[in-house]
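Listed below are the residues making up each chain.
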Amino acid sequence: MSLPALHNTGVLYRRILAQFPQDISVAFAYGSGVFKQHGTSQGQMEKNMLDFVFAVDDPVTWHTMNLLQNRKHYSILKLLGPAMISSIQSDYGASVYYNTLVPVDGRMIKYGVISTESLIDDLLHWKTLYVAGRLHKPVKMLVQNENGKLRAALVSNLKSAVTASILMLPESCSEDDLFLQIAGLSYAGDFRMVIGEDKSKVANIVKDNLQHFKTLYSNILRDCPQLVYKPQQGKLEVDKSPEGQFVQLMALPRTLQQRITKLVDPPGKNRDVEEILLQVAQDPECGTVVQQGISSIVKSSSITQSIKGIATAGLWKTTSYSSKKLMKMWRGSRRKPSVSQMS
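Per chain, the residues get numbers from 1 upward, laid out in the order the sequence is written. Only residues with pLDDT of at least 70 get local features here, since the model is predicted, and only at 80 or more are side-chain atom pairs given and counted; chain-wide, interface and lining totals rely on the full set of residues. Hydrogens are left out, water is left out, and the side-chain values use all remaining heavy atoms of the structure.

1. Quick look at the side chain of Asn-70
Per the convention used, a helix needs a DSSP run of H or I reaching at least four residues, while a strand needs a run of E reaching at least two, with both numbered from the N terminus. Position of Asn-70 among the secondary structure elements: in the loop between α3 (59-69) and α4 (82-91). Taking the relative accessible area as the measure of exposure, Asn-70 reaches 10% and is therefore buried. Burial classes follow relative accessibility: with a 1.4 Å probe on protein chains only, a residue under 20% of its type's maximum area counts as buried, one over 50% as exposed, and anything between as partly exposed.

2. Side note on unusual backbone geometry
Within the chain, Leu-101 stands out as a residue other than glycine whose phi angle is a positive 50°. Tracing the chain through its elements places Leu-101 in strand β3 (residues 96-104). Located in the positive-phi region is Leu-129, a residue other than glycine, with phi close to 60°. Residue Leu-129 is classed as buried on the basis of its relative accessible area, which comes to 2%.

3. Quick look at the confidence of the model for the chain
Note: pLDDT gives the predictor's confidence per residue, expressed from 0 to 100. The pLDDT averaged across the chain works out to 87; a share of 86% of its residues lies at or above 70. Low pLDDT (under 50) marks residues 1-8, which in the prediction has 20 contacts with non-local residues, meaning those over four places away or in another chain. Contacts for the low-pLDDT stretch residues 335-343, under 50 throughout, to residues beyond four places or in other chains number 17 contacts. Any two residues having at least one pair of non-hydrogen atoms within 4.5 Å are treated as being in contact.

4. Structural notes on the sheet that holds strand β6 (residues 172-174)
Read across the open sheet, the three strands follow the order β6-β8-β7; overall the sheet is antiparallel. Where the open sheet ends on each side, the last strands, each with one partner, are β6 and β7 (227-230). Within this sheet the neighbouring strands show an average axis-to-axis angle of 20°, counted without direction. Only when DSSP finds a minimum of two bridges between them are two strands counted as paired. In terms of strand pairing, β6 meets strand β8 (residues 235-238) through three bridges, oriented antiparallel. The partner of Cys-173 across the bridge, within β8, is Leu-236. Here the axes come from fitting lines to C-alpha atoms, over the contacting stretch only for helices, and the angles between their N-to-C directions go from 0 to 180 degrees.

5. Topic: the environment of Val-56
Tracing the sequence through the fold places Val-56 in strand β2 (residues 50-56). Judged by relative accessible area, Val-56 falls into the buried class, the value being 1%. The spatial distance from the C-alpha of Val-56 to the C-alpha of Leu-119 is 9.3 Å, given a sequence separation of 63 residues. Leave out the neighbours within four places in its chain, and Val-56 touches Asp-23, Ile-24, Ser-25, Trp-62, Val-113, Ile-114, Ser-115 and Thr-116.

6. Side note on the nonpolar core
Grouped together as the largest cluster of nonpolar side chains are 69 residues, with contacts concentrated most on Phe-28, Val-131, Leu-135, Tyr-217, Leu-249, Ile-260 and Ile-294. If you tally residues by element for this core, the top one is helix α7 (residues 148-167), at nine residues. Built from parts of two domains, this core gets at least three residues from each of domain 1 (9-145) and domain 2 (153-298). Once residues lying within four places of it in the same chain are set aside, the contact partners of Ile-294 are Leu-129, Ala-164, Met-168, Leu-185, Ala-188 and Leu-256. If you look at the next biggest cluster of nonpolar residues, it comprises 26 residues, including Ala-29, Val-34, Ile-109 and Val-113. Nonpolar cores were defined as sets of buried Ala, Val, Leu, Ile, Met, Phe, Trp, Tyr and Cys residues, with membership established by side-chain atoms within 4.5 Å. Residue ranges assigned to the domains are those given by an automatic or database domain assignment.

7. Re the packing of aromatic side chains
Between 30 and 60 degrees the pair is tilted, below 30 it is stacked and above 60 it is edge-to-face, where a pair is any two Phe, Tyr or Trp rings, Trp via its six-membered ring, whose centres lie within 6.5 Å. Applying the stated rule across the entire model yields 11 aromatic pairs. Between Phe-20 and Tyr-111, the ring centres sit 4.6 Å apart and the planes meet at 65°, which makes this aromatic pair edge-to-face. Taken as a pair, Phe-20 in the loop between α1 (10-17) and β1 (26-30) and Tyr-111 in strand β4 (residues 107-115) lie far apart in primary sequence, 91 residues in all. Summarising the burial analysis for this pair, Phe-20 and Tyr-111 share the class buried. Through a chain of ring-to-ring contacts, the aromatic side chains of Tyr-13, Phe-20, Phe-52, Phe-54, Trp-62 and Tyr-111 assemble into a single cluster. Placement of a positive charge over a ring is assigned whenever Lys NZ or Arg CZ falls within 6 Å of the ring centre and within 35 degrees of the normal to the ring plane. The ring centre of Tyr-98 lies 5.1 Å from the NZ or CZ of Lys-110, which sits over that ring. Over the ring of Tyr-130 we find Arg-134; its NZ or CZ atom is 4.4 Å from the centre of that ring.

As C-alpha coordinates, this is what we get:
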(Lines give C-alpha, C1' and ligand atoms only; values in the text may rest on other atoms or scores of the structure.)
Protein backbone atom coordinates (compact mmCIF):
# COMPACT_ATOMS: atom_id res chain seq x y z
CA MET A 1 0.00 0.00 0.00
CA SER A 2 2.90 2.36 0.57
CA LEU A 3 3.96 4.12 -2.61
CA PRO A 4 6.94 6.33 -3.39
CA ALA A 5 5.92 9.93 -4.04
CA LEU A 6 8.64 12.54 -4.39
CA HIS A 7 12.31 12.54 -3.43
CA ASN A 8 13.47 14.33 -0.27
CA THR A 9 9.99 14.80 1.14
CA GLY A 10 10.23 12.40 4.09
CA VAL A 11 11.53 15.02 6.51
CA LEU A 12 8.81 17.51 5.52
CA TYR A 13 6.05 14.98 6.23
CA ARG A 14 7.61 13.90 9.53
CA ARG A 15 7.88 17.54 10.62
CA ILE A 16 4.22 18.17 9.75
CA LEU A 17 2.99 14.98 11.49
CA ALA A 18 4.98 15.93 14.60
CA GLN A 19 2.63 18.93 15.04
CA PHE A 20 -0.35 16.62 15.74
CA PRO A 21 -1.40 14.11 18.44
CA GLN A 22 0.35 10.85 17.64
CA ASP A 23 -2.51 8.40 18.22
CA ILE A 24 -3.14 7.85 14.48
CA SER A 25 -3.91 4.45 12.94
CA VAL A 26 -3.48 5.64 9.34
CA ALA A 27 -2.14 8.88 7.91
CA PHE A 28 -1.70 9.57 4.23
CA ALA A 29 -1.01 12.55 1.99
CA TYR A 30 -2.66 12.89 -1.42
CA GLY A 31 -3.42 15.29 -4.22
CA SER A 32 -1.56 17.70 -6.48
CA GLY A 33 0.80 18.87 -3.74
CA VAL A 34 2.10 15.30 -3.32
CA PHE A 35 1.92 13.68 -6.76
CA LYS A 36 2.77 15.52 -9.95
CA GLN A 37 -0.19 16.06 -12.24
CA HIS A 38 0.05 16.65 -15.96
CA GLY A 39 0.40 20.33 -16.82
CA THR A 40 1.75 21.28 -13.38
CA SER A 41 5.35 22.41 -13.01
CA GLN A 42 7.53 21.50 -10.02
CA GLY A 43 7.34 25.13 -8.88
CA GLN A 44 3.54 25.18 -8.99
CA MET A 45 3.40 21.85 -7.23
CA GLU A 46 5.47 23.12 -4.30
CA LYS A 47 2.97 25.96 -3.86
CA ASN A 48 -0.07 23.66 -3.88
CA MET A 49 -1.79 22.83 -0.62
CA LEU A 50 -0.79 19.51 0.96
CA ASP A 51 -3.82 17.30 1.68
CA PHE A 52 -3.86 14.76 4.50
CA VAL A 53 -6.27 12.27 6.03
CA PHE A 54 -5.76 10.98 9.59
CA ALA A 55 -7.71 7.94 10.82
CA VAL A 56 -7.94 7.78 14.61
CA ASP A 57 -9.35 5.10 16.92
CA ASP A 58 -10.83 7.56 19.43
CA PRO A 59 -11.92 10.85 17.77
CA VAL A 60 -13.03 12.55 21.03
CA THR A 61 -9.65 12.02 22.68
CA TRP A 62 -7.79 12.99 19.49
CA HIS A 63 -9.74 16.24 19.04
CA THR A 64 -9.29 16.99 22.77
CA MET A 65 -5.52 16.76 22.33
CA ASN A 66 -5.54 18.60 19.01
CA LEU A 67 -7.59 21.48 20.43
CA LEU A 68 -4.91 21.87 23.12
CA GLN A 69 -2.07 21.78 20.56
CA ASN A 70 -3.69 23.41 17.51
CA ARG A 71 -6.74 25.39 18.61
CA LYS A 72 -6.23 27.94 15.81
CA HIS A 73 -6.78 25.24 13.15
CA TYR A 74 -10.49 25.04 14.02
CA SER A 75 -13.34 27.33 13.03
CA ILE A 76 -15.77 28.77 15.58
CA LEU A 77 -16.98 25.18 16.10
CA LYS A 78 -14.06 24.79 18.55
CA LEU A 79 -16.28 26.54 21.08
CA LEU A 80 -18.57 23.49 21.05
CA GLY A 81 -15.81 21.25 22.43
CA PRO A 82 -14.26 17.92 21.31
CA ALA A 83 -17.34 15.74 21.87
CA MET A 84 -19.51 17.90 19.60
CA ILE A 85 -16.73 18.17 16.99
CA SER A 86 -16.50 14.36 16.98
CA SER A 87 -20.27 14.10 16.63
CA ILE A 88 -20.25 16.51 13.66
CA GLN A 89 -17.40 14.44 12.20
CA SER A 90 -19.19 11.09 12.43
CA ASP A 91 -22.86 12.01 11.96
CA TYR A 92 -22.80 14.28 8.91
CA GLY A 93 -21.42 14.17 5.38
CA ALA A 94 -18.79 11.51 4.77
CA SER A 95 -17.76 11.05 8.43
CA VAL A 96 -14.68 13.26 7.94
CA TYR A 97 -13.87 16.51 9.78
CA TYR A 98 -11.63 18.83 7.74
CA ASN A 99 -9.52 21.74 8.89
CA THR A 100 -8.31 23.66 5.83
CA LEU A 101 -5.86 26.44 4.90
CA VAL A 102 -3.68 25.65 7.92
CA PRO A 103 -0.09 26.99 7.78
CA VAL A 104 2.32 24.31 9.06
CA ASP A 105 6.09 24.31 8.66
CA GLY A 106 6.14 26.67 5.69
CA ARG A 107 3.38 24.91 3.75
CA MET A 108 -0.39 25.35 3.60
CA ILE A 109 -2.17 22.12 4.50
CA LYS A 110 -5.66 20.68 4.76
CA TYR A 111 -6.31 17.65 6.98
CA GLY A 112 -9.33 15.44 7.45
CA VAL A 113 -9.97 13.34 10.54
CA ILE A 114 -12.01 10.14 10.30
CA SER A 115 -12.54 7.36 12.83
CA THR A 116 -10.76 4.08 12.02
CA GLU A 117 -14.15 2.34 12.23
CA SER A 118 -15.74 4.70 9.67
CA LEU A 119 -12.74 4.33 7.36
CA ILE A 120 -12.96 0.52 7.42
CA ASP A 121 -16.71 0.75 6.76
CA ASP A 122 -16.16 2.98 3.72
CA LEU A 123 -13.33 0.81 2.37
CA LEU A 124 -15.37 -2.40 2.63
CA HIS A 125 -18.86 -1.18 1.73
CA TRP A 126 -18.39 2.13 -0.16
CA LYS A 127 -20.91 3.79 2.14
CA THR A 128 -19.79 7.26 0.95
CA LEU A 129 -16.84 6.46 -1.37
CA TYR A 130 -15.26 9.64 0.00
CA VAL A 131 -12.05 8.42 1.62
CA ALA A 132 -12.25 5.01 -0.10
CA GLY A 133 -12.24 6.85 -3.44
CA ARG A 134 -9.12 8.81 -2.53
CA LEU A 135 -7.43 5.51 -1.75
CA HIS A 136 -8.22 4.17 -5.24
CA LYS A 137 -5.51 6.54 -6.45
CA PRO A 138 -1.83 6.71 -5.44
CA VAL A 139 -1.29 8.21 -1.98
CA LYS A 140 1.77 8.77 0.16
CA MET A 141 1.20 6.45 3.13
CA LEU A 142 2.84 8.04 6.19
CA VAL A 143 1.50 5.98 9.11
CA GLN A 144 -0.14 2.56 9.06
CA ASN A 145 -0.43 0.56 12.26
CA GLU A 146 -0.68 -3.21 12.61
CA ASN A 147 -4.47 -3.39 12.38
CA GLY A 148 -5.19 -6.57 10.40
CA LYS A 149 -8.81 -5.64 9.70
CA LEU A 150 -7.73 -2.25 8.34
CA ARG A 151 -5.03 -3.76 6.13
CA ALA A 152 -7.52 -6.24 4.67
CA ALA A 153 -10.03 -3.43 4.07
CA LEU A 154 -7.41 -1.37 2.17
CA VAL A 155 -6.77 -4.30 -0.19
CA SER A 156 -10.51 -5.06 -0.51
CA ASN A 157 -11.11 -1.44 -1.59
CA LEU A 158 -8.58 -1.74 -4.43
CA LYS A 159 -10.11 -5.04 -5.59
CA SER A 160 -13.57 -3.43 -5.59
CA ALA A 161 -12.24 -0.55 -7.70
CA VAL A 162 -11.01 -3.03 -10.32
CA THR A 163 -14.28 -5.02 -10.25
CA ALA A 164 -16.49 -1.94 -10.66
CA SER A 165 -14.27 -0.53 -13.41
CA ILE A 166 -14.11 -3.68 -15.56
CA LEU A 167 -17.92 -3.83 -15.48
CA MET A 168 -17.91 -0.42 -17.18
CA LEU A 169 -15.17 -1.20 -19.72
CA PRO A 170 -15.34 -3.06 -23.06
CA GLU A 171 -14.11 -6.62 -23.55
CA SER A 172 -10.67 -5.43 -24.70
CA CYS A 173 -9.06 -2.34 -23.23
CA SER A 174 -5.71 -0.88 -22.21
CA GLU A 175 -4.19 -0.42 -18.76
CA ASP A 176 -4.59 3.32 -19.32
CA ASP A 177 -8.34 2.88 -19.91
CA LEU A 178 -8.64 0.92 -16.68
CA PHE A 179 -6.65 3.42 -14.61
CA LEU A 180 -8.68 6.33 -16.02
CA GLN A 181 -11.85 4.47 -15.05
CA ILE A 182 -10.55 3.73 -11.55
CA ALA A 183 -9.33 7.29 -10.98
CA GLY A 184 -12.73 8.62 -12.09
CA LEU A 185 -14.85 6.46 -9.76
CA SER A 186 -14.86 8.95 -6.87
CA TYR A 187 -15.62 11.88 -9.21
CA ALA A 188 -18.68 10.28 -10.85
CA GLY A 189 -21.69 12.29 -9.72
CA ASP A 190 -19.56 14.81 -7.75
CA PHE A 191 -21.22 18.20 -8.22
CA ARG A 192 -17.80 19.85 -7.77
CA MET A 193 -16.79 18.47 -11.18
CA VAL A 194 -19.47 20.74 -12.68
CA ILE A 195 -18.24 23.83 -10.83
CA GLY A 196 -15.03 24.06 -8.88
CA GLU A 197 -12.79 21.35 -10.33
CA ASP A 198 -10.57 21.22 -13.39
CA LYS A 199 -12.52 19.14 -15.96
CA SER A 200 -9.34 17.35 -17.08
CA LYS A 201 -8.51 16.41 -13.47
CA VAL A 202 -8.84 12.63 -13.89
CA ALA A 203 -6.66 12.46 -17.02
CA ASN A 204 -4.09 14.74 -15.36
CA ILE A 205 -3.92 12.47 -12.30
CA VAL A 206 -3.33 9.33 -14.39
CA LYS A 207 -1.06 10.63 -17.15
CA ASP A 208 1.99 11.41 -14.99
CA ASN A 209 1.42 8.64 -12.44
CA LEU A 210 0.98 5.49 -14.54
CA GLN A 211 3.82 3.71 -12.73
CA HIS A 212 2.22 4.44 -9.36
CA PHE A 213 -1.09 2.97 -10.59
CA LYS A 214 0.73 -0.13 -11.91
CA THR A 215 2.46 -0.61 -8.55
CA LEU A 216 -0.89 -0.33 -6.78
CA TYR A 217 -2.89 -2.67 -9.03
CA SER A 218 -0.63 -5.10 -10.95
CA ASN A 219 -0.90 -7.97 -8.43
CA ILE A 220 -4.69 -7.59 -8.20
CA LEU A 221 -4.98 -7.62 -12.01
CA ARG A 222 -2.83 -10.75 -12.28
CA ASP A 223 -4.96 -12.56 -9.69
CA CYS A 224 -8.39 -11.44 -10.98
CA PRO A 225 -10.18 -14.50 -12.48
CA GLN A 226 -12.52 -12.33 -14.59
CA LEU A 227 -9.79 -10.87 -16.77
CA VAL A 228 -6.65 -11.74 -18.71
CA TYR A 229 -3.89 -9.23 -17.94
CA LYS A 230 -1.04 -8.76 -20.42
CA PRO A 231 1.34 -6.35 -18.64
CA GLN A 232 3.96 -6.44 -21.41
CA GLN A 233 1.46 -5.07 -23.93
CA GLY A 234 -0.43 -3.02 -21.34
CA LYS A 235 -3.67 -4.77 -22.39
CA LEU A 236 -6.62 -6.40 -20.64
CA GLU A 237 -9.32 -8.81 -21.80
CA VAL A 238 -12.44 -8.80 -19.63
CA ASP A 239 -15.04 -11.57 -19.26
CA LYS A 240 -18.23 -9.82 -20.48
CA SER A 241 -20.41 -12.95 -20.47
CA PRO A 242 -23.57 -12.77 -18.30
CA GLU A 243 -22.02 -15.39 -16.02
CA GLY A 244 -18.79 -13.40 -15.67
CA GLN A 245 -20.62 -10.13 -15.07
CA PHE A 246 -22.84 -11.77 -12.45
CA VAL A 247 -19.74 -12.90 -10.50
CA GLN A 248 -18.37 -9.35 -10.73
CA LEU A 249 -21.67 -7.78 -9.60
CA MET A 250 -21.89 -10.17 -6.63
CA ALA A 251 -18.36 -9.08 -5.59
CA LEU A 252 -19.22 -5.35 -5.51
CA PRO A 253 -19.37 -3.49 -2.17
CA ARG A 254 -22.71 -3.75 -0.38
CA THR A 255 -23.79 -0.10 -0.74
CA LEU A 256 -23.21 -0.17 -4.50
CA GLN A 257 -25.26 -3.38 -4.81
CA GLN A 258 -28.07 -1.67 -2.88
CA ARG A 259 -27.95 1.41 -5.13
CA ILE A 260 -28.08 -0.78 -8.26
CA THR A 261 -31.02 -2.69 -6.78
CA LYS A 262 -32.85 0.57 -6.12
CA LEU A 263 -32.27 1.72 -9.71
CA VAL A 264 -33.48 -1.51 -11.32
CA ASP A 265 -36.18 -2.91 -9.02
CA PRO A 266 -39.59 -1.21 -9.42
CA PRO A 267 -41.26 -0.15 -6.15
CA GLY A 268 -43.37 -2.91 -4.62
CA LYS A 269 -41.55 -5.82 -6.30
CA ASN A 270 -39.09 -6.38 -3.41
CA ARG A 271 -37.00 -9.01 -5.19
CA ASP A 272 -33.79 -10.13 -3.53
CA VAL A 273 -30.43 -8.60 -4.49
CA GLU A 274 -29.10 -11.76 -6.14
CA GLU A 275 -32.11 -11.99 -8.47
CA ILE A 276 -31.80 -8.35 -9.49
CA LEU A 277 -28.03 -8.58 -10.09
CA LEU A 278 -28.63 -11.67 -12.26
CA GLN A 279 -30.98 -9.56 -14.38
CA VAL A 280 -28.43 -6.69 -14.58
CA ALA A 281 -25.67 -9.13 -15.59
CA GLN A 282 -27.66 -10.05 -18.73
CA ASP A 283 -28.45 -6.42 -19.62
CA PRO A 284 -26.34 -4.84 -22.43
CA GLU A 285 -26.46 -1.64 -20.34
CA CYS A 286 -24.93 -3.36 -17.29
CA GLY A 287 -21.96 -0.95 -17.20
CA THR A 288 -24.25 2.08 -17.36
CA VAL A 289 -26.29 0.81 -14.41
CA VAL A 290 -23.09 0.33 -12.36
CA GLN A 291 -21.98 3.86 -13.30
CA GLN A 292 -25.33 5.28 -12.18
CA GLY A 293 -25.09 3.41 -8.88
CA ILE A 294 -21.62 4.82 -8.18
CA SER A 295 -22.75 8.33 -9.19
CA SER A 296 -25.65 8.20 -6.73
CA ILE A 297 -23.29 7.34 -3.84
CA VAL A 298 -20.77 10.06 -4.72
CA LYS A 299 -23.41 12.71 -5.40
CA SER A 300 -25.02 12.48 -1.97
CA SER A 301 -21.75 12.31 -0.01
CA SER A 302 -20.05 15.13 -1.97
CA ILE A 303 -22.97 17.51 -1.41
CA THR A 304 -23.40 16.79 2.31
CA GLN A 305 -19.64 16.84 2.99
CA SER A 306 -19.26 20.18 1.16
CA ILE A 307 -22.09 21.74 3.17
CA LYS A 308 -20.44 20.45 6.35
CA GLY A 309 -17.13 21.91 5.11
CA ILE A 310 -18.56 25.44 5.25
CA ALA A 311 -19.12 25.02 9.00
CA THR A 312 -15.84 23.22 9.77
CA ALA A 313 -13.70 25.61 7.71
CA GLY A 314 -15.56 28.83 8.50
CA LEU A 315 -16.89 31.31 5.95
CA TRP A 316 -13.64 33.14 5.18
CA LYS A 317 -11.63 29.96 4.58
CA THR A 318 -14.46 28.44 2.52
CA THR A 319 -14.57 31.51 0.26
CA SER A 320 -10.77 31.54 -0.11
CA TYR A 321 -10.57 27.79 -0.81
CA SER A 322 -13.45 27.88 -3.33
CA SER A 323 -11.96 30.82 -5.23
CA LYS A 324 -8.67 28.91 -5.62
CA LYS A 325 -10.56 25.87 -6.92
CA LEU A 326 -12.42 28.02 -9.47
CA MET A 327 -9.13 29.58 -10.63
CA LYS A 328 -7.66 26.09 -11.06
CA MET A 329 -10.72 25.04 -13.09
CA TRP A 330 -10.37 28.13 -15.31
CA ARG A 331 -6.67 27.44 -15.93
CA GLY A 332 -7.48 23.81 -16.75
CA SER A 333 -10.18 24.81 -19.23
CA ARG A 334 -7.64 26.97 -21.07
CA ARG A 335 -5.21 24.04 -21.39
CA LYS A 336 -7.90 21.57 -22.52
CA PRO A 337 -5.75 18.43 -22.79
CA SER A 338 -7.74 15.58 -24.28
CA VAL A 339 -8.03 12.11 -22.78
CA SER A 340 -6.91 10.75 -26.15
CA GLN A 341 -3.44 12.13 -25.34
CA MET A 342 -3.19 9.37 -22.78
CA SER A 343 -2.53 6.75 -25.44
